Every structure is written in structure tokens, then in C-alpha cells.
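# Report on the structure
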Amino acid sequence: MKKIWAWGALVFGLLYFILPLIGMTNFSLKMRRGEYSFDAYAKVFADPRFQETFTYSVMQALFTILFGVLLVVPTAYWVRLKLPRLRPIIEFITLLPLVIPAIVIVFGYIRLYNTSSWLPLTGSLTGTNILLMFGYATLALPYMYRAVDTGLRTIDVATLTEAAQSLGAGWTTILTKIILPNVLVAVLSGAFLTFAIVIGEFTMAALLNRPAFGPYMQLLGANRAYEPAALAVIAFGITWGCLGLIQLVSRFQKSAPPKA
């Protein structure tokens, strides 16, 4: 009986997620009356705004991932090695973006870094781009930190550090050549989640008036019929592609031995 309920719940969950996707995909293919076609997808890909916004969001995602790695890996490593008592506090801080709405964070940024503040980041395009990258890094912080911290749990950080120091390695060498290679799979998992978050984020990019992919999807959805459905299918494919890559690198993490 339990197996029947389990299979029933699984089938219900699959239908709940798959049926809307099938309907949306079917609708996106009906731009040409009376037959199926990829006209909506062709128009989306040919739109200069799609190319501009998608390229912008991809670049923002890459910079956000780089900043997140530089921030999270040393922090998680140092907390696990030297400050284990602070782990609950650090974990609480990294979880705050899950409970603080993005609109609150971005309004705080605008208030602190407007043109009349001590650091007027919103006064230039470069400064606004940097501020948006910091906002993305904040939203991705819970996922990046959790991924890296989980990776650090799988290795003996103290032993690897002592062995490297006994051979004369400095802290930079230990982080870049010992710790990072051992948690690289975990870092990649956090990076794929960060990429998915940046590609679909709307609130921060819209309020900072940047040409990101999220606001473009909202604008297209308000003015077109078939193209928004095609764009939603594309965004869905990107998100699930990232999740599939996370599953792939997780398998490598389980089978890969620690590097000394």
C-alpha cells in the first residue's frame, strides 16, 4: 500500500510539473496558423535585445561566480580550520538572503550607494554593474557557501594544511593548489546554481535599470503572445541544464579521491 501511495505521489508530481511545460511548449510552436513551427524561437533568437540581454546576464553570472569563489572559499576554509565555533553564526548570515526579499536588498543598495552618498556607485554604468554583481552574489551566497562547506566536509582540512605547511607552502599556495582543487566539484555545483539565479533574476536588474535577461523576459511577456512562451521554454531549458550539470559534477565529487 505504501508503494502505491509513493508511486501515486511521484506520478502526481511529475504531471504537475510536466503538463504545464508541455502545454507551454505546444503553444510556443503554434505561431504559424494551422501547423507547428519554430517561428517564435527564430524571432526570439534574432531579436537584438535577446542577444544583448542574454550576453549581459552571462557576463554578470561569470563575474558573480568569480567573486563568490574568491569570497566564499577562503571564508569557509578559515572557519572550518581556525574558527569552528563561529560556524553557526556564519551559516546564519549566509542564509539571510533566503528570508530578506531582493527588493529590500536592492533598495538598501540604492539608498547607500546613490549619487549623493560617500560611494556613488549608481552614478556610473560601471559602478551600477558592480553593484548589481554584488547583489547577485548576495542572492547566491546561501547556495555557494553550502556547496563549498559540504565539499570541505569531505576532506581532512587540518591534515592537508599541516602537510602543506611542513613543505613550506604559504596560505595562498594552500588555498589555490591544495584546498581549491579538492573542493572544485563543490565549487562548480555552487557556480551552476549561481548562473541559474543570475539568468532569471528580475527585481535587482529592473530597479537598477540594467539590460539583463530577467527584465527582458518580463517586457517581452507583456507585449507579445508566442515569443514569451518560447522564451520561457528556453529559460526552463537553461535552468534544468544547470541542474543536470550539478548532478553530473556531484557524481564526480563522490568518486574523486582527495588530492594531496
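What comes next concerns the included structure.

Thresholds, definitions, all that
Residues numbered from 1 in each chain as written. Predicted model: local features only at pLDDT ≥ 70, side-chain atom pairs only at ≥ 80, totals over all residues. Heavy atoms only, no water. Helix = DSSP H or I, 4+ residues; strand = E, 2+ residues; numbered from the N terminus. Buried < 20%, exposed > 50% of the residue type's maximum accessible area, 1.4 Å probe, protein only. Contact = heavy atoms within 4.5 Å. Areas by Shrake-Rupley, 256 points an atom, 1.4 Å probe, with all protein chains shown as cover. Lys, Arg positive; Asp, Glu negative; His and termini not counted. Charge placed at Lys NZ, Arg CZ, Asp CG, Glu CD. Axes fitted to C-alpha atoms, helices over the stretch in contact; angles between N-to-C directions. Nonpolar A, V, L, I, M, F, W, Y, C, P; charged D, E, K, R; others polar. Phe/Tyr/Trp six-rings, centres within 6.5 Å; stacked < 30°, edge-to-face > 60°. Core = buried A, V, L, I, M, F, W, Y, C linked by side-chain atoms within 4.5 Å.

### Let's talk about the overall build of the protein chain
Per the secondary structure count, the protein chain includes 12 helices and 0 strands. Mapped from its N terminus to its C terminus, the protein chain presents α and β elements in the order α-α-α-α-α-α-α-α-α-α-α-α. Expressed along its principal axes, the backbone C-alpha trace of the protein chain runs to roughly 75 × 65 × 30 Å. Here the protein chain holds 260 residues, and the buried ones make up 38% of them. Counting contacts in the protein chain only where the partners sit at least 6 residues apart, residues at least 24 apart contribute 75% of the total. Element-wise, carbon and sulfur atoms account for 70% of the exposed surface of the protein chain, whose accessible area totals about 15,400 Å². Placing the 20 positive and 10 negative side-chain charges of the protein chain at their respective mean positions leaves the two points 7 Å apart.

### Structural notes on the packing of helix α2 (residues 39-46) against helix α3 (residues 48-81)
Contact pair α2 / α3: the axes reach a minimum separation of 5 Å and the direction vectors enclose 65 degrees. Along its contact with α2, which presents Val44, Phe45 and Ala46, the element α3 presents Pro48, Phe50 and Gln51. In the contact of α2 with α3, the residues fall into 5 nonpolar, 1 polar and no charged.

### Focus: the environment of leucine 141
The topology assignment puts leucine 141 in helix α6 (residues 125-153). Take leucine 141: its relative accessible area is 18%, and that puts it in the buried class. Contact partners of leucine 141, with chain neighbours within four places excluded, come to Val72 and Thr94.

### Some thoughts on the packing of aromatic side chains
Aromatic ring pairs are reported here in terms of the distance separating the ring centres and the angle at which the planes meet. Taken as a whole, this structure holds 13 aromatic pairs when the rule is applied. Between the aromatic rings of phenylalanine 45 and phenylalanine 50, the centroid separation amounts to 5.4 Å while the plane-to-plane angle is 85 degrees, which identifies the pairing as edge-to-face. By relative accessible area, phenylalanine 50 is classed as buried at 6%. On the numbers, 6.3 Å between centres and 55 degrees between planes, the contact of phenylalanine 50 with tyrosine 216 is tilted. A residue pair is termed long-range when its members are at least 10 positions apart, and phenylalanine 50 in helix α3 and tyrosine 216 in helix α11 (residues 213-223) qualify at 166 residues. Comparing phenylalanine 50 with tyrosine 216 shows no difference in burial state: the two are buried.

### Concerning the nonpolar core
Counting 57 residues, the largest nonpolar core has Val148, Leu152 and Ile179 as its most contacted members. Ranked by residues supplied to this core, first place goes to α3 with 10 residues. Beyond its immediate chain neighbours, meaning those up to four positions away, leucine 152 contacts Ala76, Tyr77, Arg80, Val157, Ile179 and Val183.

### Some details on the side chain of asparagine 182
With respect to the helices and strands, the residue asparagine 182 is situated in helix α8 (residues 171-182). According to the relative accessible area criterion, asparagine 182 is buried, its value standing at 14%.

Just distances and angles here, no functional claims.
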